[in-house]
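# What the coordinates show
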Amino acid sequence: MGCCFSCLRRKEDDNLYRQLLADNERDAISALLEYLENRSEVDFFSDGPLKALSTLVYSDNIDLQRSAALAFAEITEKEARPVSRDVLEPLLILLQSSDQEVQRAACAALGNLAINDENKVLIVDMGGLSPLIRQMMSPDIEVQCNAVGCVTNLATQDANKSKIAQSGALIPLTRLAKSPDLRVQRNATGALLNMTHSPENRKQLVDTGSVPVLVQLLSSPDPDIQYYCTTALSNIAVDAENRKMLATTEPKLVSQLVQLMDSPSPRVQCQATLALRNLASDALYQLEIVRSGGLSNLVSLLKSQHEPLVLAAVACIRNISIHPLNERPIVEAGFLEPLVDLVDYTDNPEIQCHTVSSLRNLAASSDRNRKALVEAGAIDKCMKIVLTSPESVQSEISACFAILALADNLKSKLLELGILDVLIPLTKSQNPEVCGNSAAALANLCSRIDDYSVILSNYDGISDFIARFLGSSNVTFEHIALWTVIQLLESGNSDIKDRIKADIDGGKISLSGLSSATTGTDEDPAAANEISNLVQQIVELVK
């Protein structure tokens, strides 16, 4: 164990020094030297070795305290397992020493033990935060580094986070994040990052004034510090109030994050993109990211071979594409092709969900974009995968189909592509969103079209969906079914009208006993009234 035990041997051999030691201290040194002869077989946290170490800790002799602290540092570096209060107590005593050498080694030892989750909780429960905070404010860089490193480890445990936030640690951590020493900076920004995983702690970070420091350090040349700061700011931007604060106090934040999307470090790229994704929950930031040149980096990241980067980029573009003013710039920046390529990225359903949602957003209010979507092959791909996709992906695809089916100039094309072959089975889904979206799309496709031949050839499936929805006891589903019947009856196609009338007369399509008309009067009279009106319209149309 290097310096500490060679130091013990020197003191053991120094006759004058031995005369200055108490009997128990001499015995402790001798015992430790003996343990060292068989160190591979010795548990230094057990009674004998621990008692010997503790004797040195409680000595008034500063040299013995230093030896004990160094011994603890070396022992814990090699064996950071769960320990008892008996092990931590002498370490916490050493932590209160005024000697910087003792402080350095004691903080290092505690930091080593704080790798273990059980130790993390026990250190805080035993009052370890207060002396660590004092050591963080030490003028000695090594003491600062070790103390902050220990707090960083402690802050990874959820049970400790609020206690650390309330302990007064955030102020010195924020100050040390600006340290001229790179190691101290890394540890401090890492600790601040660990404190951003709950709304309460994020608020305390904001109130402490940590945010301007984190933003400033985005320009650090160190990729680790960049990573900690981008991740911390990404977490802070989850909260709506924090986004408002950032919008008014950090005008350069978006441009800095956009630059970091081009970082040589993939994890910095990823976190910068996720930070922009969170900021883009607000319309103001959706526009600012585009104005700051973020689209060129995002379209490049969509083509990355690194899956986390692809996920971050497509999640970001999903939020940016919500704003109608961004639809055209996104399409013109060349996003359609890489987005369509990701539709069948079956290795990661989350990427598929964000991708399809982005395409839906782009198609929401632009005929030009809807046409471009079809021409890019997005609909073909969605149709090929939807029936075998997870429900989360089916939900997004069916919602996209529902939006596209609203466009009168696309309906014939969608029917020609065979979209009913997937919509009809999807109306049988056990997932209400998938079921409802698909039915809404199907209903829209039955309205205002020139050629009803595809509808007629799929009439049995459509009739089954109508009957099933009318018997669902779900007001929304009943409404969709009745509205679909009306669209078909108003089609002007005599064959369709005859078949609907036959289904009503035969009882397959039942207009009586609907839940909203029989039980919903008191709870939602407006819905009941609307259902009654739709039923009456159908009765008139089939006469």
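These numbers were taken from a predicted model, which means no experiment stands behind them.

## Focus: the overall build of the protein chain
- The helix and strand tally for the protein chain stands at 37 helices and zero strands.
- By the compact-globule yardstick of 24 Å for 543 residues, the protein chain is too spread out, its C-alpha radius of gyration being 34 Å.
- Put simply, the protein chain has 543 residues, and 57% of those count as buried.
- Within the protein chain, contacts between residues separated by at least 24 positions form 71% of all contacts whose residues are at least 6 apart in sequence.
- With 47 positive and 69 negative side-chain charges, the protein chain shows a separation of 4 Å between the mean positions of the two kinds.

## Digging into the packing of aromatic side chains
- Overall, the coordinates contain three aromatic pairs when judged by the stated rule.
- Taking 4.9 Å as the distance between ring centres and 80° as the angle between the ring planes, the aromatic pair formed by Phe465 and Phe469 counts as edge-to-face. Taken together, the residues span about one helical turn, with Phe465 and Phe469 both in helix H33 (residues 459-470) at a distance of four residues.
- Of the residues examined, Phe465 reaches a relative accessible area of 0% and is grouped as buried.
- Measuring from ring centre to ring centre gives 4.4 Å for Phe469 and Phe477, while their planes differ by 20°; the resulting arrangement is stacked.

## Section: the nonpolar core
- By size, the foremost hydrophobic cluster in this structure holds 185 residues, and its most contacted members are Phe401, Ile455 and Ile462.
- Among the elements that take part in this core, helix H22 (residues 307-320) stands out by supplying nine residues, more than any other.

## Description of the environment of Gly209
- As for its position among the elements, Gly209 is in the loop between helix H14 (199-208) and helix H15 (210-216).
- In this structure, the C-alpha to C-alpha distance between Gly209 and Gln536, residues 327 residues apart in sequence, is 64 Å.

## What to know about the packing of helix H10 (residues 141-154) against helix H13 (residues 182-194)
- Direction vectors running N to C along H10 and H13 enclose 25°, while the axes themselves pass 8 Å from each other. Taken together, H10 and H13 sit at an angle that is classed as roughly parallel. The two elements H10 and H13 cross, and the hand of that crossing is left-handed. Contacts from Ile141, Glu142, Gln144, Cys145, Val148, Gly149 and Thr152 of H10 reach H13 at Arg183, Val184, Asn187, Ala188, Gly190, Ala191 and Asn194.
- Tallied by class, residues from the contact of H10 with H13 come to six nonpolar, six polar and two charged.

## Let's talk about unusual backbone geometry
- Even without being glycine, Arg448 reaches a positive phi, approximately 55°.
- For Arg448, a relative accessible area of 59% puts it in the exposed group.
- One non-glycine residue, Ser473, lies in the positive phi region at around 60°.
- Since its relative accessible area comes to 58%, Ser473 is described here as exposed.

## Observations concerning H10
- The end-to-end C-alpha separation of H10 is 20 Å, in line with the 20 Å expected for 14 residues at 1.5 Å each.
- Buried within H10 we find Val143, Gln144, Cys145, Ala147, Val148, Gly149, Cys150, Val151, Thr152 and Leu154.
- Tucked inside the fold, the buried residues of H10 contact helix H7 (100-113), helix H8 (117-125), helix H9 (129-136), helix H11 (158-166), helix H12 (170-176) and H13.
- Its side-chain oxygen placed 3.0 Å from the backbone nitrogen of Glu142, Asp140 serves as the N-cap of H10.

## Some thoughts on the environment of Gln135
- If you trace the backbone, Gln135 turns up in helix H9.
- Judged by its relative accessible area of 6%, Gln135 falls in the buried class.
- A C-alpha to C-alpha distance of 71 Å links Gln135 and Phe465, two positions 330 residues apart in sequence.
- When sequence neighbours within four positions are dropped, the list of residues in contact with Gln135 reads Leu95, Ser97, Gln103, Cys107, Val143, Gln144 and Ala147.
- A distance of 3.5 Å separates a polar atom in the side chain of Gln135 from a polar atom in the side chain of Gln103.

## Quick notes on the pattern of salt bridges
- Under the counting rule described, the total for this entry stands at 27 salt bridges.
- Glu142 serves as the salt-bridge partner of Arg183, at 2.9 Å between the closest nitrogen and oxygen. Note that Arg183 is positioned in helix H13 and Glu142 in helix H10, a separation of 41 residues in sequence.
- With a relative accessible area of 31%, Glu142 lands in the partly exposed category.
- Between Arg448 and Asp408 there is a salt bridge, and its shortest N-O distance comes to 3.5 Å. Note that Arg448 is positioned in the loop between helix H31 (432-445) and helix H32 (453-457) and Asp408 in helix H29 (residues 408-416), a separation of 40 residues in sequence.
- Through salt bridges with shared partners, one network takes in Asp63, Arg66, Asp99 and Glu101.

## Concerning the confidence of the model for the protein chain
- When pLDDT is averaged along the protein chain, the result is 91, and 94% of the positions lie at 70 or above.
- Note on residues 1-6: pLDDT under 50 across the span, and 16 contacts to partners over four residues away in sequence or across chains.

## Section: the environment of Asn153
- Mapped onto the fold, Asn153 is located in helix H10.
- Taking the C-alpha atoms as reference, Asn153 lies 5.7 Å from Ala114; in sequence the two are 39 residues apart.
- In this view, Asn153 contacts Gly111, Ala114, Ile115 and Lys120; residues no more than four positions away in its chain are not counted.
- Reaching out from Asn153, the side chain makes a polar contact with the backbone oxygen of Gly111 at a distance of 3.0 Å.

## Observations concerning the packing of helix H5 (residues 62-78) against helix H6 (residues 85-95)
- Between H5 and H6, the shortest axis-to-axis distance is 11 Å and the interhelical angle comes to 125°. Comparing the axis directions of H5 and H6 gives the class oblique. The two elements H5 and H6 cross, and the hand of that crossing is left-handed. Along its contact with H5, which presents Gln65, Ala68, Ala69 and Phe72, the element H6 presents Val87, Pro90, Leu91 and Leu94.
- Its residues assigned to classes, the contact of H5 with H6 comprises seven nonpolar, one polar and no charged.

## Thoughts on the side chain of Asn297
- Among the structural elements, Asn297 can be located in helix H21 (residues 294-301).
- Within the local environment of Asn297, its side chain forms a polar contact with the backbone oxygen of Val258, the two atoms lying 2.9 Å apart.
- Not counting residues up to four positions away in its chain, the partners in contact with Asn297 are Val258, Met261 and Asp262.

How each quantity is defined
Residues numbered from 1 in each chain as written. Predicted model: local features only at pLDDT ≥ 70, side-chain atom pairs only at ≥ 80, totals over all residues. Heavy atoms only, no water. Helix = DSSP H or I, 4+ residues; strand = E, 2+ residues; numbered from the N terminus. Rg over C-alpha atoms; globule rule 2.2 N^0.38 Å. Buried < 20%, exposed > 50% of the residue type's maximum accessible area, 1.4 Å probe, protein only. Contact = heavy atoms within 4.5 Å. Lys, Arg positive; Asp, Glu negative; His and termini not counted. Charge placed at Lys NZ, Arg CZ, Asp CG, Glu CD. Phe/Tyr/Trp six-rings, centres within 6.5 Å; stacked < 30°, edge-to-face > 60°. Core = buried A, V, L, I, M, F, W, Y, C linked by side-chain atoms within 4.5 Å. Axes fitted to C-alpha atoms, helices over the stretch in contact; angles between N-to-C directions. Parallel < 35°, antiparallel > 145°, perpendicular 65-115°, else oblique. Left-handed = near helix turned anticlockwise from the far one by under 90°. Nonpolar A, V, L, I, M, F, W, Y, C, P; charged D, E, K, R; others polar. Expected span 1.5 Å × (residues − 1). Polar contact = N/O pair within 3.5 Å; in protein donor to acceptor, adjacent residues only side chain to side chain. Salt bridge = Lys/Arg side-chain N within 4 Å of Asp/Glu carboxyl O. pLDDT = per-residue confidence, 0-100.

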